[in-house]
Number of protein chains: 2
Amino acid sequence: MRIFVDMDEVIADTYGAHISLYNSEFQGHLTPENCAGKEVWHMVPEAHQDSVRKHAYRRGFFRDLKPIADSVIILKELAAQHDIYIASAAMQFPNSLEEKSHWLDEHFSFIPWQNRILCGHKHVLNGDVLIDDRSYNLLTFDGRGILFTSPHNINTEGYERADTWLEIGKKLI
Amino acid sequence: MRIFVDMDEVIADTYGAHISLYNSEFQGHLTPENCAGKEVWHMVPEAHQDSVRKHAYRRGFFRDLKPIADSVIILKELAAQHDIYIASAAMQFPNSLEEKSHWLDEHFSFIPWQNRILCGHKHVLNGDVLIDDRSYNLLTFDGRGILFTSPHNINTEGYERADTWLEIGKKLI
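On a predicted model such as this, the values are computed, not experimentally measured, just so you know.

1. Considerations on the interface of chain A and chain B
Listed as interface residues are 25 residues of chain A and, on the opposing side, 25 residues of chain B. Buried surface at the junction of chain A and chain B, both sides included, amounts to about 2400 Å², of which 61% is carbon and sulfur. Looking only at chain A, the three residues that lose the most surface to chain B are A:Met91, A:Trp113 and A:Val124, adding up to 25% of its buried area. Applying the counting criterion to the chain A and chain B interface returns 2 salt bridges. Across the pair A:Arg59 and B:Glu98 runs a salt bridge whose closest N-O atoms are separated by 2.9 Å.

2. Overview of the packing of aromatic side chains
The description of two aromatic rings rests on the distance between their centres and on the angle between their planes. All names here are of chain B. Within this structure, the stated rule accounts for 18 aromatic pairs over all chains. Between Tyr 22 and Phe 26, the aromatic rings sit 5.0 Å apart at their centres with planes inclined by 20 degrees, giving stacked as the arrangement. Residue Tyr 22 and its partner Phe 26 are both found in helix α1 (residues 14–26); the two are separated by 4 residues, about one turn of the helix. Between Tyr 57 and Phe 93 the ring centres are 4.9 Å apart and the planes differ by 80 degrees, which places this aromatic pair in the edge-to-face class. Taken as a pair, Tyr 57 in the loop between α2 (46–53) and α3 (71–81) and Phe 93 in the loop between β2 (83–88) and α4 (94–107) lie far apart in primary sequence, 36 residues in all.

3. As for the environment of B:Leu30
All names here are of chain B. Relative to the elements of secondary structure, Leu 30 occurs in the loop between α1 and α2. Judged by relative accessible area, Leu 30 falls into the buried class, the value being 12%. When neighbours within four sequence positions are excluded, Leu 30 is seen to be in contact with Ile 19, Tyr 22, Asn 23, Cys 35, Val 40, Met 43 and Val 44.

4. Structural notes on α4(B)
In this model, α4(B) (14 residues) spans 21 Å end to end at C-alpha, consistent with the 20 Å of a helix rising 1.5 Å per residue. The buried fraction of α4(B) is high, at 11 of 14 residues. Turning to α4(B), its buried residues are B:Pro94, B:Asn95, B:Ser96, B:Leu97, B:Glu98, B:Glu99, B:Lys100, B:Ser101, B:Trp103, B:Leu104 and B:His107. Buried residues in α4(B) make contact with α4 (94–107) and β3 (116–118) of chain A together with α3, β2 and β3 (116–118) of chain B.

5. A short note on the packing of helix α3 (residues 71–81) of chain A against helix α6 (residues 165–172) of chain A
Residue and element names in this part refer to chain A. One way to put it is that α3 packs onto α6 with a least axis distance of 9 Å and a crossing angle of 15 degrees. The orientation of α3 relative to α6 falls into the category roughly parallel. The hand of the α3/α6 crossing is left-handed. Residues Ser 71, Ile 74, Leu 75, Leu 78 and Gln 81 of α3 form the contact with α6, whose own contacting residues are Trp 165, Leu 166, Ile 168, Gly 169 and Leu 172. In terms of residue class, the contact of α3 with α6 is built from 7 nonpolar, 3 polar and no charged.

6. Focus: the environment of B:Val72
All names here are of chain B. Turning to its location among the elements, Val 72 is positioned in helix α3. When its relative accessible area of 26% is taken as the criterion, Val 72 is described as partly exposed. Sequence-wise, Val 72 and His 107 are 35 residues apart; in three dimensions their C-alpha atoms are separated by 7.1 Å. Discounting chain neighbours no more than four positions away, the residues touching Val 72 are Pro 67, His 107, Phe 108 and Phe 110.

7. Points about the pattern of salt bridges
For side chains of opposite charge, pairing can occur when their charged atoms come near one another. Residue and element names in this part refer to chain A. Tallying each qualifying case throughout the model produces 26 salt bridges over all chains. For Glu 39, the salt bridge identified is with Arg 134, shortest N-O distance 2.9 Å. Pair noted here: Glu 39 is in the loop between α1 (14–26) and α2 (46–53) and Arg 134 is in the loop between β4 (129–132) and α5 (135–140), with a separation of 95 residues, a long-range link. One network of salt bridges, in which partners are shared, links Glu 9, Glu 39, Asp 133 and Arg 134.

8. Some thoughts on the confidence of the model for chain A
Summing up the model confidence of chain A, the mean pLDDT is 95 and the portion of residues at 70 or higher is 100%. Among the prediction metrics, the complex's ipTM stands at 0.86, with pTM recorded as 0.91.

9. Observations regarding the packing of α1(A) against α2(A)
All names here are of chain A. Two numbers describe how α1 lies on α2: the axes approach to 11 Å, and their chain directions differ by 130 degrees. Between α1 and α2, the angle falls in the class oblique. Crossing of α1 against α2: the hand is right-handed. Contact residues: His 18, Tyr 22, Glu 25 and Phe 26 in α1; His 48, Ser 51 and Val 52 in α2.

10. Describing the relation of the copies chain A and chain B
Under the fitted operation, chain A is carried onto chain B by 0.0 Å of movement along the axis and a turn of 180 degrees, and the coordinates agree to an RMSD of 0.0 Å. Both chain copies can therefore be described as sitting about a two-fold axis.

11. A few points about the pairing of strand β5 (residues 144–148) of chain B
Residue and element names in this part refer to chain B. Burial of β5 is extensive: 4 of the 5 residues sit out of reach of the surface. Here 4 bridges tie strand β4 (residues 129–132) to β5, and the two strands are oriented parallel to one another. Opposite Val 129, over in β5, you have Arg 144 as the bridge partner. Note on the crossover from β4 through helix α5 (residues 135–140) to β5: the handedness is right-handed.

Thresholds applied
- Residues numbered from 1 in each chain as written.
- Chains lettered and ligands numbered in written order.
- Predicted model: local features only at pLDDT ≥ 70, side-chain atom pairs only at ≥ 80, totals over all residues.
- Heavy atoms only, no water.
- Contact = heavy atoms within 4.5 Å.
- Buried area = accessible area lost by both parts, 1.4 Å probe.
- Salt bridge = Lys/Arg side-chain N within 4 Å of Asp/Glu carboxyl O.
- Phe/Tyr/Trp six-rings, centres within 6.5 Å; stacked < 30°, edge-to-face > 60°.
- Helix = DSSP H or I, 4+ residues; strand = E, 2+ residues; numbered from the N terminus.
- Buried < 20%, exposed > 50% of the residue type's maximum accessible area, 1.4 Å probe, protein only.
- Expected span 1.5 Å × (residues − 1).
- Axes fitted to C-alpha atoms, helices over the stretch in contact; angles between N-to-C directions.
- Parallel < 35°, antiparallel > 145°, perpendicular 65-115°, else oblique.
- Left-handed = near helix turned anticlockwise from the far one by under 90°.
- Nonpolar A, V, L, I, M, F, W, Y, C, P; charged D, E, K, R; others polar.
- pLDDT = per-residue confidence, 0-100.
- Least-squares fit on C-alpha atoms with pLDDT ≥ 70 in both.
- Pairing = 2+ DSSP bridges.
- Right-handed = clockwise from strand over helix to strand, strands pointing away.

Right under this line is the structure:
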């Protein structure tokens, strides 16, 4: 099978990074739990929203993200059986492109550059499975879509869902 | 129609840049004509080959390329009728990612970030037409492939070919 895997909030913890940057700069007390169902920038006073929305334009933002729990070990197992492609909608942030490439080199070196895709729309992808945290990407993908749970999407209904990478492993290995 | 357009040697003159860098650094006399049928690095003494092969790793290499003749005007016309995606196998050179994005902003600003794809393999693309200078990309693409003539591919046979962007215009507008 050809499986496409999104980066942000699927293998890279951008949500956690937004929270931790915000808390440290504005002495906030956000947690993934108390933000559930919302984007992080929705959860802060209006005067701080612009700052949160601009996190992703900072140099280093995408380079320092933590891998999502169990994503490395399960993707390594999946890669032994299937064609795994990382497919990230990164073109919006030109500063992120090189950082994402180096981040993958560090954490997912078993996925070679030939299997990495940076794109805007996921509907241009031709394959069997897409694992993504954004329902609008799954909606236009011509194959099996799996919604990966992130705090922002917990109320989204109507999609096959995986809460953890261990669940992905059960579904696809 | 959804049309994918390669960057290097289709809309961006990498071949010409290799020649001009080589000539200026080694007092060479290469021209696209006397290199025909070969890669530029094939055409230089063995002691210089490594230098030519490393051009693409230099900062600025992809930022300073000239657009291929008539590519801007014809792609603008095509974009009014079709879904145009730029699809470049850029992941091999992480330094190129941001440069390619800025280069597109400068020369092809009418193609938004949503319609730009950086990938390794072109067979992951799902669409109608692929315009590319590499026959191995056309071979695995599931749609109509058009080989765009570059000095290195003039002897390649067995593919629908366009020598210029004006010819692409006649085929697709």
